[in-house]
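The chain contents come next:
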Amino acid sequence: MLQVYRASAGAGKTFALTMEYFKIVFNSPLEYKNVLAVTFTNKATEEMKSRIVRELNKLAEGQKSDYREDLKRSLRLSDEQVKARAEVLRTLILHDYGRLAVTTIDRFFQRVIKAFTRELGIFPGYNVELDSDYVLQRAVDQVMQRMNKDRELGAWITELMNDSVEDARSWSVKSKIAELGKELFGESYMLFDKDVQERFSDRDFLKIYKRFLQGIITGFEKRLQEYGRIGCVFMEEQGLHVEDFKGGKRSAVTHFYKLKDKNLDGITATIRKAVDNLDEWVTKSMDAAGRARVEDAYTTLNTWLRESVEFYDEHLRDYVSARLLSGNLYQLGILNDLYGEVRDYCDEKGLMLLSDTTRLLNTLIAGNDTSFLFEKTGNFYKHVMIDEFQDTSTMQWANFRPLIVNTLAEGGRAMLVGDVKQSIYRWRNGDWRLLAEGVERDFTAFGTDNIVLGHNWRSSREIVEFNNRFFVQAAGQLKELYDAECGEDNVYSRSIAEAYNKPEQLVSRPGNGYVEIRFGEEKQEEGSDTAIMEEVVAIVNDT
């Protein structure tokens, strides 16, 4: 069963991780080399490594340790047994420190990639480039230099700037291209199928595809416009006006006038209710002659109304998709040119972008024996622990999931620790929904054991109680916004409700605390970032 620890700030997740690690290695000391513990930052990695060695030393020397009683109780060991095993583990780990597999996600993935450079066609002596912004700026400079000579590229960039001006955003061409180029490092772009990427990098294909999309748009609009035209012409020939029908200017036949004018905003409930329903076309107060004229026209008009509604419903999704794709196809063209420049620069300098690591490993894992892949790095992992899981991305999880499945299938232990409220790495593709709902869905076969660390050992009462109230109210207000926009019981509201279900913590630290909220300037205002940072520094210096 997969253990999922839900731990808010100050709940003692590092203690829990270290405790689980100790339970494994105290039960079988030689397992220290078969445990993989993954954290998100170098600081967290060093903190956990230091804690493991420090606490082992305390246990081995018989000093006070917060872990002793839990180890005695869970493993049924005496004080002498805990001390003896701690001595053995201290010796094993210090003499084989390199096998203490506590590492960051990026470093772990790099280790795997290094073992498969030949299979991936990568130069073995490559260097990892951490500064993707620097590489992107070089690519932007190259694209800018080609803009005046490359007519198609120039046209795409012109479209980009026209949209930017219409939206009252930046006029800087270079900054807009760089902003768009950041999509290259997002998983939405990386997850494109390789064949799809190659096709969209073909400019001739883009031209053909643009015409194809325009055909869908034109066909949809012309067909509906024609329904509107023949409906209006027919009513004119019959000497009928909108006022002759039930509802007058809000009657069902106004639909034909809207279609004729290419007003495709949507089909109202009144229109849908009128299809095949004569009662929505006539009223009891109509005189006999007027009612007869409407009833005579009803058969023909109702047929066209029904057909137009059915056509609209059947083809709306394709039409909207075509409009969106056609309107943004130029962005894909610019992205492809930027991508080519980035790849050329990396190949020339023997570089691998850090963002490429996850994508390459994803490609490597697809269709291969996962356990073999990880074993080739020189390690055989029987147990897996992942910290800060709320910041794990979809592709990173796709890389780890087979390893965890294999671990559980072979009787090992797997543990995830996270808190959706602390998801701050969405700029690096972190997806909090994995922790909120994805994990339980992916591991229904093995089951999940959800463990909530409910105490806050770090903060004082005022801070804990403020956070408790804040997250309950904030989640409620966010749900109300989604309900108002998307209707009640929508997928977004359900996600918010599940993610922030019972977020309250218990106070466990004595003493008083203090909470103060200050609102800075709007981020859109010029110089607001600097002003906010200066105020933060001033507040810190005053404390």
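What this report covers is the structure whose coordinates are included nearby. (Residues numbered from 1 in each chain as written. Predicted model: local features only at pLDDT ≥ 70, side-chain atom pairs only at ≥ 80, totals over all residues. Heavy atoms only, no water.)

1. Looking at the pairing of strand S6 (residues 383–386)
The two faces of the sheet receive side chains in turn, since in a regular strand these alternate between them. Defined as follows: Buried means the residue's accessible area, taken with a 1.4 Å probe over protein chains only, is under 20% of the maximum for its type, while exposed means over 50%, and partly exposed covers the values in between. Only runs of H or I of at least four residues qualify as helices and only runs of E of at least two qualify as strands under DSSP, and these elements are numbered from the N terminus. The rule for pairing is simple: two strands pair if DSSP sees at least two bridges between them. The handedness of a crossover follows from its direction of travel: if, with the strands pointing away from the viewer, the path from the first strand over the helix to the second runs clockwise, the crossover is right-handed.
Of the two faces of S6, the one carrying His 383 and Met 385 and the one carrying Val 384 and Ile 386 are both buried. As paired strands, strand S2 (residues 35–39) and S6 are joined by four bridges and run parallel to one another. In the sheet register, Val 35 faces S6, and the bridge partner there is His 383. For the crossover from S6 across helix H18 (residues 394–409) to strand S7 (residues 414–418), the handedness is right-handed.

2. As for the sheet that holds S7
Counted only if it meets this: Angles shown run from 0 to 180 degrees and are taken between the N-to-C directions of axes, each axis being a line fitted to C-alpha atoms and, for helices, limited to the stretch in contact. Here, residues are in contact when the closest pair of their heavy atoms is within 4.5 Å.
Taken together, the six strands give an open sheet; going across it, the order is S3-S2-S6-S7-S1-S8, and neighbouring strands pair in parallel fashion. Because the sheet does not close on itself, it has two edges, and the strands there are strand S3 (102–104) and strand S8 (448–453). Averaged over all pairs of adjacent strands, the angle between strand axes in this sheet comes to 20 degrees, irrespective of strand direction. Where strand S1 (residues 2–7) lies against S7, four bridges are found, and the strand directions are parallel. By the bridge assignment, Arg 6 is partnered in S7 with Gly 418. Helix-sheet contacts for helix H1 (residues 13–27) involve S1, S2, S6, S7 and S8, and the interaxial angle to S7 is about 170 degrees. The strands touched by helix H19 (residues 433–442) are S1, S7 and S8; relative to S1, the strand with the most contacts, the crossing angle is about 170 degrees.

3. Let's talk about the nonpolar core
Rules: Definition used in this section: a nonpolar core is a set of buried Ala, Val, Leu, Ile, Met, Phe, Trp, Tyr and Cys residues joined via side-chain atoms within 4.5 Å.
Trp 281, Leu 301 and Ile 334 are the most contacted members of the largest nonpolar core, which has 64 residues in total. Of all the secondary-structure elements, those providing two or more residues to this core are helix H7 (132–146), helix H8 (151–166), helix H9 (173–181), helix H12 (203–237), helix H13 (254–260), helix H14 (269–274), helix H15 (288–349) and strand S5 (351–353). A total of 19 residues in this core trace back to one element, the largest contributor, which is H15. Every residue in contact with Leu 301, bar those within four places of it in the chain, is listed here: Gly 231, Phe 234, Met 235, Phe 245, Val 253, Phe 256 and Trp 281. In terms of nonpolar packing, the next biggest core, distinct from the first, is built from 38 residues, Tyr 381, Val 384, Ile 404 and Val 420 among them.

4. Comments concerning the pattern of salt bridges
For clarity, the cut-off: What counts as a salt bridge is simple: a side-chain nitrogen of Lys or Arg found within 4 Å of a carboxyl oxygen of Asp or Glu.
Taken as a whole and judged by the stated rule, the model has 38 salt bridges. For the salt bridge of Asp 141 with Lys 174, the shortest nitrogen-to-oxygen distance reads 2.8 Å. Here Asp 141 is found in helix H7, whereas its partner Lys 174 is found in helix H9, with 33 residues between them in sequence. Under the relative-accessibility criterion, Asp 141 is labelled partly exposed at 30%.

5. Topic: the pairing of S2
Counting buried positions over the five residues of S2 gives five, a clear majority of the element. Alternating residues of S2 divide into Val 35, Ala 37 and Thr 39 and Leu 36 and Val 38, and every residue in both groups is buried. Strand direction decides the pairing type here: S2 and S3, joined by three bridges, are parallel. From the neighbouring strand, Ala 37 faces S3, where its bridge partner is Val 102.

6. Side note on the packing of aromatic side chains
Convention followed: A pair of Phe, Tyr and Trp rings is counted when the ring centres sit within 6.5 Å of each other, with Trp represented by its six-membered ring. The angle between the planes then sorts it: under 30 degrees is stacked, over 60 is edge-to-face, the rest tilted. In our convention, an over-ring charge means Lys NZ or Arg CZ found within 6 Å of a ring centre and within 35 degrees of that ring's normal.
Tallying each qualifying case throughout the model produces 22 aromatic pairs. Arranged with centres 4.4 Å apart and planes meeting at 20 degrees, the rings of Phe 15 and Tyr 67 form a pair that is stacked. In this pair, Phe 15 sits in helix H1 while Tyr 67 sits in the loop between helix H2 (42–60) and helix H3 (68–75), placing the two residues 52 residues apart along the sequence. An aromatic cluster of three or more residues is present, and its members are Phe 15, Tyr 21, Phe 22, Phe 26 and Tyr 67. Positioned over the ring face of Tyr 126 is Lys 114, at 4.1 Å from the centre of the ring.

7. Notes on a negative patch on the surface
Applied cut-off: Two joining distances apply to patches: 9 Å for like charges and 5 Å for nonpolar side chains (Val, Leu, Ile, Met, Phe, Trp, Tyr), and every residue must have over 30% relative accessible area and no salt bridge. Computed with the Shrake-Rupley method and a 1.4 Å probe, the accessible areas treat only the protein chains shown as cover for residues. Counted as positive: Lys and Arg. Counted as negative: Asp and Glu, with His and the chain ends omitted from the count. A charge is said to be at NZ when it belongs to Lys, at CZ for Arg, at CG for Asp and at CD for Glu.
Taken together, the side chains of Glu 307, Glu 310, Glu 314 and Asp 318 define an acidic patch exposed on the protein surface. Topologically, Asp 318 is positioned in helix H15. A relative accessible area of 44% places Asp 318 in the partly exposed class.

8. Focus: unusual backbone geometry
If a residue is not glycine, its phi is most likely negative; likewise, a peptide bond is most likely trans. In this structure, Arg 76 takes a positive phi of about 55 degrees despite not being glycine. In this structure, Asp 276 is a non-glycine residue whose phi angle is positive, near 60 degrees. Here Asp 276 shows up in the loop between H14 and H15.

9. A closer look at the side chain of Asp 150
Stated precisely, the cut-off is as follows: Polar contacts, as used here, are pairs of N or O atoms within 3.5 Å; protein pairs need one atom able to donate a hydrogen and one able to accept it. Residues neighboring in sequence count only if both atoms are side-chain atoms.
Note that Asp 150 resides in the loop between H7 and H8. Asp 150 gets classed as buried once you look at its relative accessible area, which sits at 16%. Engagement of the side chain of Asp 150 in a polar contact is seen with the backbone nitrogen of Glu 152, the distance being 3.3 Å. If sequence neighbours within four positions are ignored, Asp 150 has contacts with Arg 203 and Asp 337.

10. What about the environment of Asp 337?
As for its placement among the helices and strands, Asp 337 is situated in helix H15. Sequence spacing of Asp 337 and Arg 211 is 126 residues, and the spatial spacing of their C-alpha atoms is 21 Å. Discounting chain neighbours no more than four positions away, the residues touching Asp 337 are Val 143, Arg 146, Asp 150, Leu 153, Trp 156 and Arg 203.

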